[in-house]
Amino acid sequence: MRIQLVTKPSLDPRTSYKVTPIFEGENLDTTDKLTQSFLKENPKFGKNLESQLIYSGDQKVLLLGIGKREKLDFSTLEHWVGTAIKSLLKKTKEAVLYIPRTDKLSSYQVGQAIALGVEIASADFAKDYKSEKDPVKLTNIEVVVERAENGFLSGLKIGQVIAEGINLARKLSDMPPNEMTPTYFLNTAKKIARESKLKLTSLDEKQAKKKGMGAFVGVAQGSEEPSYMITLEYKGDLRTKDKWAFVGKGITFDSGGLSLKPPQHMTDMKYDMCGAAAVLATMQIIAKLKLKVNVVGIMAVTENLIGGKAQRPGDIVKTYSGKTAEVLNTDAEGRLVLVDALTYAQKDFKATKLVDLATLTGGMIVALGDFYTGVFGNNPKFTQEFISTGSQLGEKYWEMPMDEVYNEMIKSDFADIRNMGKGGSIPSAASSIVGAKFIESVVENNRPWIHLDIAGTAWDLKSKPYGGVGATGIGVRTLVGLLLV
Ligand code: BES
Ligand code: ZN
Ligand code: ZN
């Protein structure tokens, strides 16, 4: 999308739509007669995302409420922009967007929120496989701000790069699992590595087995499709040994394995690779923005299927960390692939700070719905820094308890750890924490680590006014945000 920042609009009002923000309970000091008379008759207009189209003569105005002035934050602005764009996408080629004046956000934040709102709203991958296309008309947007400030432009530019990454993650995640196979994922990662000058390595099942990644291979062995442990390396700061690892669960389809899911729980399981998609997108953005950091992205990509070669409940596998794990439920496969990926990050890549993202547990949705992402960590300062970075960028995170009392729940009678909690009469008790504990058990020397359980937030359960159905690209902006400061 072409986005022009201006202080005075230049688009022809006869061919473009104009979008005006209305704060709730405020009389707009506008010279625009149409808006004035509408607001006179509708003094209560202005609730968040309340909208009204007005046509008069040559003019086409979309009045869009933005709620109470004191409540305006990054998300409100992004969603306001997104909603405006979404409602005009198929109506017009050109639009003029008046940005509300606010002292709640810096011009940099305003620029970023605009870019994210425009780009995310204008990409809708849910329609990619429909035979009848309903083409998007909008190509040109003028964004009217009050003063020309550098912050607007830099925020806009960085925001566009981030949004492009988020859209990549959304697109890959929305794809059907018969097309979005581990091989397809690998080929996409190769393309990005070539374009962005990232170093890619991939281990196939045979290589992973030879290396000792028994937990990853145990999951992968049930599928006819080849599986891959993929890494992308970015070196932006040669002066330091500090290195981030972003690790993603990339189950391109989770049937549950022999602990088969009931049909109603299987229908969304193409999204079980959203963690890996977020990592891939983040690596692309980091390279494009040429950030001064060192990062390795690790994506554990496989299906979790059934078949004669599939692992059985009761199998004991040797993880790459050296610990043995009892697989009591083959549907708790995410933690299995992740422990090997996290050990890989530490052993082979010497990462000093770890973040993993995974659609790990249904229990996360029970706990927080599709609004908050659960955060589990071993370092309160790091966890708080992460949560506050997220909240400034409109991603909601909630810290979950990781007390030692839960360590008991992953102790196995026959191996070092078990992949299912000892919940007694309620087997799923604290299932999200148990999953996190399992992953934590391979974190060496207490190095700072965060696990994000994105099961509830990786895709929208129902269509929302902005964004629509499908994957959200959760996590990407916060990971980039952490590195931008
Ligand atoms: N991929 C699922 C978790 C999931 C469920 C994500 C629903 C998104 C929506 C994961 O592999 C899984 O099946 N977890 C089990 C673990 C249990 C068997 C210990 C779960 O949460 O039920
Ligand atoms: Zn599963
Ligand atoms: Zn899964």
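Before reading further, recall that the structure is shown in the block above.
The shown structure was predicted, so the numbers you read here are calculated from the model rather than taken from an experiment. (Residues numbered from 1 in each chain as written. Chains lettered and ligands numbered in written order. Predicted model: local features only at pLDDT ≥ 70, side-chain atom pairs only at ≥ 80, totals over all residues. Heavy atoms only, no water.)

Draft legend 1. Structural detail: the overall build of the chain. Per the secondary structure count, the chain includes 14 helices and 19 strands. Whereas a compact globule of 485 residues would reach a radius of gyration of roughly 23 Å, the chain reaches 24 Å, a difference of no more than 12%. For the chain, the spread of C-alpha atoms along the principal axes amounts to about 80 × 50 × 45 Å. Taking all 485 residues of the chain together, 57% fall into the buried category. Contacts in the chain between residues at least 24 apart in sequence constitute 77% of all its contacts with a sequence separation of at least 6. Split by element, the accessible area of the chain, about 21,200 Å² in all, is 52% carbon and sulfur. Of the charged side chains in the chain, 63 are positive and 56 negative, and the gap between their average positions amounts to 4 Å. (Helix = DSSP H or I, 4+ residues; strand = E, 2+ residues; numbered from the N terminus. Rg over C-alpha atoms; globule rule 2.2 N^0.38 Å. Buried < 20%, exposed > 50% of the residue type's maximum accessible area, 1.4 Å probe, protein only. Contact = heavy atoms within 4.5 Å. Areas by Shrake-Rupley, 256 points an atom, 1.4 Å probe, with all protein chains shown as cover. Lys, Arg positive; Asp, Glu negative; His and termini not counted. Charge placed at Lys NZ, Arg CZ, Asp CG, Glu CD.)

Draft legend 2. Representation of the coordination of the zinc ion (ligand 2) within the structure. Protein-derived ligands of the zinc ion (ligand 2) are Asp 254 (OD), Asp 331 (O), Asp 331 (OD) and Glu 333 (OE), with the metal-ligand distances lying across 2.0 to 2.2 Å. In this structure, the zinc ion (ligand 2) is coordinated by 6 donor atoms arranged in irregular fashion, with angles at the metal of 70 to 168 degrees. Donor residues binding the zinc ion (ligand 2) come from one chain and are separated in sequence as D-x76-D-x1-E. Between the zinc ion (ligand 2) and the zinc ion (ligand 3) the interatomic distance comes to 3.2 Å, and Asp 254 is a ligand of both metals. Of this pair, Asp 254 sits in strand E9 (residues 244–254) while Asp 331 sits in the loop between strand E12 (324–327) and helix H10 (334–347), and the two are 77 residues apart along the sequence. What makes Asp 254 buried here is its relative accessible area of 3%. (Donors = N, O, S within 2.8 Å, 3.2 Å for Na, K, Ca; no water. Tetrahedral: all angles 85-135°; square planar, octahedral: opposite > 155°, others 65-115°.)

Draft legend 3. Focus on H10. For H10, spanning 14 residues, the distance from its first C-alpha to its last is 20 Å, which sits close to the expected 20 Å at 1.5 Å a residue. Of all 14 residues in H10, 13 are buried, a share of seventy percent or more. (Expected span 1.5 Å × (residues − 1).)

Draft legend 4. Main features of the sheet that holds strand E6 (residues 140–144). A sheet is described by the order of its strands in space; here 6 strands give the open sequence E1-E6-E5-E2-E4-E3, paired in mixed fashion. Taken across any chain shown, the strands that pair with only one partner, and hence form the sheet edges, are strand E1 (2–6) and strand E3 (51–56). Neighbour-to-neighbour, the strand axes of this sheet turn through a mean angle of 20 degrees, independent of strand direction. Alignment of E3 against strand E4 (residues 59–67), held across 6 bridges, turns out to be antiparallel. Note on E4: the bridge partner recorded for Ser 56 is Gln 59. (Pairing = 2+ DSSP bridges. Axes fitted to C-alpha atoms, helices over the stretch in contact; angles between N-to-C directions.)

Draft legend 5. Representation of the sheet that holds strand E11 (residues 315–318) in the model. The 3 strands lie next to each other as E11-E12-E16, forming an open sheet whose pairing is mixed. Whereas interior strands pair on both sides, the edge strands pair on one side only; in this sheet they are E11 and strand E16 (417–418). Two elements, E11 and E12, share 4 bridges in a ladder whose sense is antiparallel. Its bridge partner being in E12, Val 317 is matched across the sheet by Ala 325.

Draft legend 6. Summary view of the site of ligand 1. Not every one of the 18 residues close to ligand 1 is listed here, only the nearest: Asp 254, Lys 261, Asp 331, Glu 333 and Gly 362. In this structure, an oxygen atom belonging to ligand 1 sits 2.9 Å away from a side-chain N or O atom of Glu 333. One of the backbone nitrogen or oxygen atoms of Gly 362 is found 2.7 Å away from an oxygen atom of ligand 1. Contact with the protein chains hides 82% of the accessible area of ligand 1, taken as 520 Å² for the molecule alone. Among the elements of the structure, E9 and helix H11 (362–368) are those that each provide at least two residues to the shell around ligand 1. For the shell around ligand 1, the residue count by class is 7 nonpolar, 4 polar and 7 charged. (Near = heavy atom within 4 Å. Polar contact = N/O pair within 3.5 Å; in protein donor to acceptor, adjacent residues only side chain to side chain. Nonpolar A, V, L, I, M, F, W, Y, C, P; charged D, E, K, R; others polar.)

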